[in-house]
Amino acid sequence: MTTTAEIQPGIPVREGVYGDRVVAVEPGGVEFIPLGDRHGRPLDLFWTWMSPNLEFATVFVGVIPIAFFGGAFWSTALALVLGSALGSLTHAALSSWGPRFGVPQMVQARGAFGFLGNALPAGLNTFTAGVGWFIVNSVSGAFALQSLFGWRFWIGYTLVVVAQVAIAFLGHNLVHAFERAVFPFLAVVFALAAGVILWKTHYGAGFDAHLSPGGGSSAAFILALFISYGYAVGWNPYASDYTRYLPPTVDRRRVGLWAGLGVFVSCSVLEIVGAGVGTLHGTSSNPTTNFTSPLGHALGDAVLIGITIGAVAANVLNIYSSSMSFLTLGFDLPLRLRRALVATLSGALGLGLGLAFKAQVGPGSHYENFLLAITYWITPWLAVVLVDYWLRRGDYDVREFFDRHRARWNAPLAMLTGMAASIPFWDQGHPIPRGYVPTHYPQVGDLSFFVGFAVAGLVYLALNARLVAHRRAVAQPQ
């Protein structure tokens, strides 16, 4: 089966026959997916995005504002829902583009950024997914195995890494199949855990100035809003990676609906459970133990197993999408196994860094700083991509995604301007300097998301004034 896109020069088509085989190495890399290999249904995206978030890293997002910053339960819960909703809405929009263009998310970004300019977001996403998220989730799984079996950390960490690299090595179809297979177990154990935690939650827990000196309840609310947004929006650069195999005739609204719901439901529910955990004041140095100790022995052990499986479920996406982003940079690698080889290298790098720096990464250390930091580049990138799509009405020729000579410097300039404008609002600590606003007005919190998104979007509009004028003229009634 062929399409115009497949036979036009300048569009590399993914070689080999893959179909819907599960136990087979996915051939190729970031090329256009031919219609003969398109398969799947929108509903599959619900568990593809539910399972990766049914893990401890999600729970800990809700723990942070209360346990470490003294936030109130109800205001924190509201912020967590709002933040998850914002990240899920854009995830739904980006996911719906996959069936139409048949290429990964970072390849689609070349439409706005051009080939060379796209190295900025693609390079950042390679690091964020293949190193940052990889280590955070692997550490969570290793801590769970340590709690369950008393193993040394490095044993559990190595087992988790090997499992997730093996799945990501085979590729797209096994990733989807794995997320579907583990979903029932994860859904049941985390639902039971949620019931117990929310039954024991101290709902009257309020703001504690001792935990957040110089801040205020507003700062705790804003922190909860932005770290929950950071967690959900962290999936956005991956969105079309898992929808590009769907047939172009599929209802794209349903694609966006199920992908967005998968992220929103899992994130908002487990983060609220985490807020409940934060009111219980656990004392263990192992953060997973503080979550499972109120659950009793049997359910606690089942949840520890769930945390380990959930960590693997999250990281198969991180490894897979990290390899997509790396290949988007344009490196020439052996044709048939290029994606699988990059996935293996990503796992090896994450294994080494995680064992070396486990005390500085993962839930329980500076996790909130990581969640805030990824929004510093994702939100300006997101603003540029969404504005460009709106200006062009989504009218992209697939050939431009692969044109190495196509320069679009307005996009990286707007993105960098948005990132720079957000620096005074960064609420970080060593080694990232804290910005002027949170230093002098701690009650305001970290507003970098709003600033970065707005500035990048407005600058991109200004740099494309002629296209904006054309877009407005077309929109005027005749």
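None of the values given here were measured: they were computed from a predicted structure. (Residues numbered from 1 in each chain as written. Predicted model: local features only at pLDDT ≥ 70, side-chain atom pairs only at ≥ 80, totals over all residues. Heavy atoms only, no water.)

Asks: Outline the overall build of the protein chain, supporting the account with residue identities and numerical values.
Replies: The helix and strand inventory of the protein chain stands at 20 helices and zero strands. Out of the 478 residues belonging to the protein chain, those deemed buried represent 58%. Intrachain contacts of the protein chain at a sequence separation of at least 6 include 84% that bridge at least 24 residues. Accessible area for the protein chain stands at about 18,300 Å²; split by element, carbon and sulfur atoms hold 69% of it. (Helix = DSSP H or I, 4+ residues; strand = E, 2+ residues; numbered from the N terminus. Buried < 20%, exposed > 50% of the residue type's maximum accessible area, 1.4 Å probe, protein only. Contact = heavy atoms within 4.5 Å. Areas by Shrake-Rupley, 256 points an atom, 1.4 Å probe, with all protein chains shown as cover.)

Asks: Which residues make up unusual backbone geometry, and what values go with them?
Replies: Of note in the backbone geometry, Arg393 takes a positive phi value of approximately 55° without being a glycine. Along the chain, the position of Arg393 falls in the loop between helix H16 (367–391) and helix H17 (410–422). Owing to a relative accessible area of 47%, Arg393 belongs among the partly exposed residues under this scheme.

Asks: Break down helix H3 (residues 56–67) for me, citing the residues and quoting the values.
Replies: When the terminal C-alpha atoms of H3 are compared, their 15 Å separation across twelve residues agrees well with the 16 Å that a helix rising 1.5 Å per residue should span. Counted residue by residue, H3 has eleven buried out of twelve residues, so it is predominantly covered. Every buried residue of H3 is accounted for by Phe56, Ala57, Thr58, Val59, Phe60, Val61, Gly62, Val63, Ile64, Pro65 and Ile66. (Expected span 1.5 Å × (residues − 1).)

Asks: Run through the packing of H3 against helix H4 (residues 73–95), naming residues and quoting values.
Replies: Each pair of packed helices gets described by two things: the angle between the helix axes and the distance between those axes. With their axes 10 Å apart at the nearest point, H3 and H4 run at an angle of 140° to one another. In terms of their interaxial angle, H3 and H4 are classed as oblique. The crossing of H3 and H4 is right-handed. Between H3 and H4, the contacting residues are Val61, Gly62, Pro65 and Ile66 on the first element and Phe73, Thr76 and Leu80 on the second. Among the residues forming the contact of H3 with H4, the class breakdown is five nonpolar, two polar and no charged. (Axes fitted to C-alpha atoms, helices over the stretch in contact; angles between N-to-C directions. Parallel < 35°, antiparallel > 145°, perpendicular 65-115°, else oblique. Left-handed = near helix turned anticlockwise from the far one by under 90°. Nonpolar A, V, L, I, M, F, W, Y, C, P; charged D, E, K, R; others polar.)

Asks: Would you mind going over empty space enclosed by the protein in detail, with residue names and values included?
Replies: For the coordinates displayed, the defined rule picks out two cavities of 30 Å³ or more. There is about 60 Å³ of room inside the largest cavity. Taken together, Trp97, Phe101, Gln108, Ala109, Gly111, Ala112, Val385, Asp388, Tyr389, Tyr396 and Phe401 make up the lining of the largest cavity. Contributing elements (two or more residues each) for the lining of the largest cavity: helix H7 (110–117) and H16. Residue composition of the lining of the largest cavity, by class: eight nonpolar, two polar and one charged. By volume, the second largest cavity amounts to about 50 Å³. For the second largest cavity, the full set of lining residues is Glu55, Trp133, Asn137, Tyr231, Gly234, Trp235, Tyr238, Ala314 and Asn318. Among the elements of the structure, helix H8 (119–149) and helix H14 (297–328) are those that each provide at least two residues to the lining of the second largest cavity. Along the lines of polarity and charge, the residues of the lining of the second largest cavity split into five nonpolar, three polar and one charged. (1 Å grid on protein atoms, 1.4 Å probe; cavity = no way out; pocket = protein on both sides within 12 Å on 5 of 7 lines; lining within 4 Å. Points joined across faces, edges and corners; volume = space filled by probe spheres on them.)

Asks: How would you summarise the environment of His91 if you had to cite specific residues and measurements?
Replies: Relative to the elements of secondary structure, His91 occurs in helix H4. Counting along the chain gives 149 residues from His91 to Ser240, while the straight-line C-alpha distance between them is 9.1 Å. If near-sequence neighbours (up to four positions away) are discounted, His91 is found in contact with Trp49, Trp235, Asn236, Ala239, Ala259, Gly260 and Val263.

Asks: Which residues make up the side chain of Glu179, and what are the values?
Replies: Turning to its location among the elements, Glu179 is positioned in helix H10 (residues 172–200). Here Glu179 sits buried without a salt bridge, and the closest side chain of opposite charge, Arg180, lies 10 Å off (N-O distance). Not counting residues within four places of it along the chain, the set of residues in contact with Glu179 comprises Trp47, Thr48, Ser51, Pro52, Ala313, Val316 and Leu317. (Lys, Arg positive; Asp, Glu negative; His and termini not counted. Salt bridge = Lys/Arg side-chain N within 4 Å of Asp/Glu carboxyl O.)

Asks: So what about the packing of H7 against H8? Which residues, and what values?
Replies: H8 packs onto H7 with a crossing angle of 85° between their chain directions and a minimal axis gap of 7 Å. Between H7 and H8, the angle is such that the two are roughly perpendicular. Within the contact between the two elements, H7 uses Phe113, Phe115, Leu116 and Gly117 and H8 uses Ala119, Leu120 and Pro121. The residue makeup of the contact of H7 with H8, split by class, is six nonpolar, one polar and no charged.

Asks: Lay out the pattern of salt bridges with the relevant residues and their values.
Replies: Enumeration over the complete set of coordinates arrives at eight salt bridges. Here Asp37 makes a salt bridge to Arg14, at a shortest N to O gap of 2.2 Å. Of this pair, Asp37 sits in the loop between helix H1 (4–7) and helix H2 (44–50) while Arg14 sits in the loop between H1 and H2; the two residues are 23 residues apart in sequence, bridging distant segments of the chain. Comparing Asp37 with Arg14 shows no difference in burial state: the two are buried.

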